[in-house]
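# Results of the structural survey
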Amino acid sequence: MNFFETLYHEVIGFLGMGELVNMFRSGDYSRLLTLQGILGAISPFIPLLLIIEIIRSAAYKKFKVEDYKVPFLIYVFNRFVSRFISIAAVAFCIGLFEKYAPIKTSFTWYWLIYGYIIWEFSHFIYHFLAHKVRILWCLHSTHHAPQTMNLSVTYTHFFLEAPYADVIRTSICILAGVNPPLLFFIMFIDGTWGAFIHVGENIMKDGRMGFLNRIILTPSHHRVHHARNPLYMDTNFCNLLNIWDKAFGTFENEHKEMPVEYGITRPMNANSFIDVNFGEFGALWHDIRKAPGFKNKLLYLIMPPGWSHTGDHKTAKVVRQQYLQTHNKPL
């Protein structure tokens, strides 16, 4: 396979157009009547929306290479590393836990509702831990490093985060009886919506989406999740259904009087591939080295980001409480 053929397959893979290309070549469009064919036809939606987003940015002279450079480099790197580890992790968890499921589900609408509620719970657990356990935050912080919001951010992940996330989410779902075909369908829905909620203001200025803002998690809610504003930090962990955020008290709406400030609180170079991917590991190592005693060194690994052995904590919870007290808002 020569270079140009490899490049062609990579572009088709990125655009999610493999299924459509195969149908066009064969002339057999009957697959559009199947679930796999329908999913294949929908797959190009996010990549094409990203291209439209970039074109609109250029047309309005708002395009900045630095907003897309690091996400692109991370996507290319993960394309050859992360996806293989993640696929293996999902397969391993299914094989390990499926036999222990107390109930068996089928591919029906009512089990889809059940399965999605369980999936959203598993996503909440993974996402909450990624913000509350320092070593896991090191994996997740890459996704929060961009200081602007656009669809390329959905591709900005540390290469080991997807396997970690899939182990948590797949294990919970399989143990709860969500069968693999139903799980894969839910993953497709979740992945598509999870990408869409990163849409930038260039495409969707107001991400609230009208009445939907009261029912599901919209781009507005996810912009809040990516914020470093004290009031917004560590909120809106769900992806589509906001039931678990509301149940556990981590739900927060976007406030018009408080524009979102994207990024993480640590001073960093958001245009550096190395800093975006490994900067948090460096900061963690610095804290571990200066910490007295084995216990404190261990606590830096498992306590929330901002925890300090000196007691001068700067965790999201502490920063939020201080903000609310300062501004005379109820805790």
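Going by the structure above, here's the rest.
The text that follows walks through the structure, step by step, so that each part is easy to find. What you see is a predicted model; the values in this text were computed from it and never measured.

## Overview of the overall build of the protein
Within the protein, the secondary structure is distributed over 15 helices and zero strands. Since a compact globule built from 331 residues should have a radius of gyration of about 20 Å, the 21 Å found for the protein is in line with a globular shape. Taken along the three principal axes of its C-alpha coordinates, the protein extends 65 × 55 × 45 Å. Taken over 331 residues, the protein has a buried fraction of 47%. In the protein, the share of contacts with a sequence separation of at least 24, taken over all contacts with a separation of at least 6, comes to 67%. Entry remark: accessible area of the protein is about 17100 Å², with carbon and sulfur atoms responsible for 68%. Between the mean site of the 30 positive side-chain charges and the mean site of the 24 negative ones, the protein shows a separation of 4 Å.

## Re the packing of helix α7 (residues 109–132) against helix α10 (residues 180–196)
As a packed pair, α7 and α10 sit with axes 10 Å apart at the nearest point and diverge in direction by 65 degrees. The handedness of the crossing between α7 and α10 is right-handed. Note on element contacts: α10 touches α7 through Leu182, Leu183, Phe185, Ile186, Met187, Ile189 and Asp190, opposite Trp111, Leu112, Gly115, Tyr116 and Trp119. The residue inventory of the contact of α7 with α10, partitioned by class, reads ten nonpolar, one polar and one charged.

## What to know about the side chain of Ser308
Topologically, Ser308 is positioned in the loop between α14 (293–302) and α15 (316–326). A polar contact is formed between the side chain of Ser308 and the side chain of Thr310, at a distance of 2.8 Å. Excluding residues that lie within four positions of it along the chain, Ser308 makes contacts with Tyr300 and His313.

## Looking at the pattern of salt bridges
The final tally for this structure, using the stated rule, is ten salt bridges. Salt-bridge contacts for Arg208 lead to Asp206; the nearest nitrogen and oxygen are separated by 3.0 Å. What emerges from the salt-bridge pattern is a single network uniting Arg134, Asp287 and Lys290.

## Topic: the packing of aromatic side chains
Scanning the model with the defined rule gives 20 aromatic pairs in all. Residues Phe107 and Phe185 carry aromatic rings whose centres are separated by 5.3 Å and whose planes lie at 50 degrees to one another, so their mutual orientation is tilted. Linking Phe107 in the loop between α6 (82–97) and α7 with Phe185 in helix α10, this pair joins segments that are 78 residues apart in sequence. Of the residues examined, Phe185 reaches a relative accessible area of 15% and is grouped as buried. Arranged with centres 5.7 Å apart and planes meeting at 85 degrees, the rings of Phe158 and Phe278 form a pair that is edge-to-face. With Phe158 in the loop between α8 (134–144) and α9 (161–175) and Phe278 in helix α13 (residues 273–290), this residue pair connects regions lying 120 residues apart in the sequence. By relative accessible area, Phe158 is classed as buried at 3%. Chaining the aromatic ring pairs together yields one cluster made of Phe77, Phe158, Phe159, Phe273, Phe278 and Phe281. One cation-aromatic arrangement involves Lys246 over Phe251; the distance from NZ or CZ to the ring centre is 5.1 Å.

Parameters and conventions
Residues numbered from 1 in each chain as written. Predicted model: local features only at pLDDT ≥ 70, side-chain atom pairs only at ≥ 80, totals over all residues. Heavy atoms only, no water. Helix = DSSP H or I, 4+ residues; strand = E, 2+ residues; numbered from the N terminus. Rg over C-alpha atoms; globule rule 2.2 N^0.38 Å. Buried < 20%, exposed > 50% of the residue type's maximum accessible area, 1.4 Å probe, protein only. Contact = heavy atoms within 4.5 Å. Areas by Shrake-Rupley, 256 points an atom, 1.4 Å probe, with all protein chains shown as cover. Lys, Arg positive; Asp, Glu negative; His and termini not counted. Charge placed at Lys NZ, Arg CZ, Asp CG, Glu CD. Axes fitted to C-alpha atoms, helices over the stretch in contact; angles between N-to-C directions. Left-handed = near helix turned anticlockwise from the far one by under 90°. Nonpolar A, V, L, I, M, F, W, Y, C, P; charged D, E, K, R; others polar. Polar contact = N/O pair within 3.5 Å; in protein donor to acceptor, adjacent residues only side chain to side chain. Salt bridge = Lys/Arg side-chain N within 4 Å of Asp/Glu carboxyl O. Phe/Tyr/Trp six-rings, centres within 6.5 Å; stacked < 30°, edge-to-face > 60°. Lys NZ or Arg CZ within 6 Å of the ring centre and 35° of its normal.

Read these as geometric descriptors, not functional statements.
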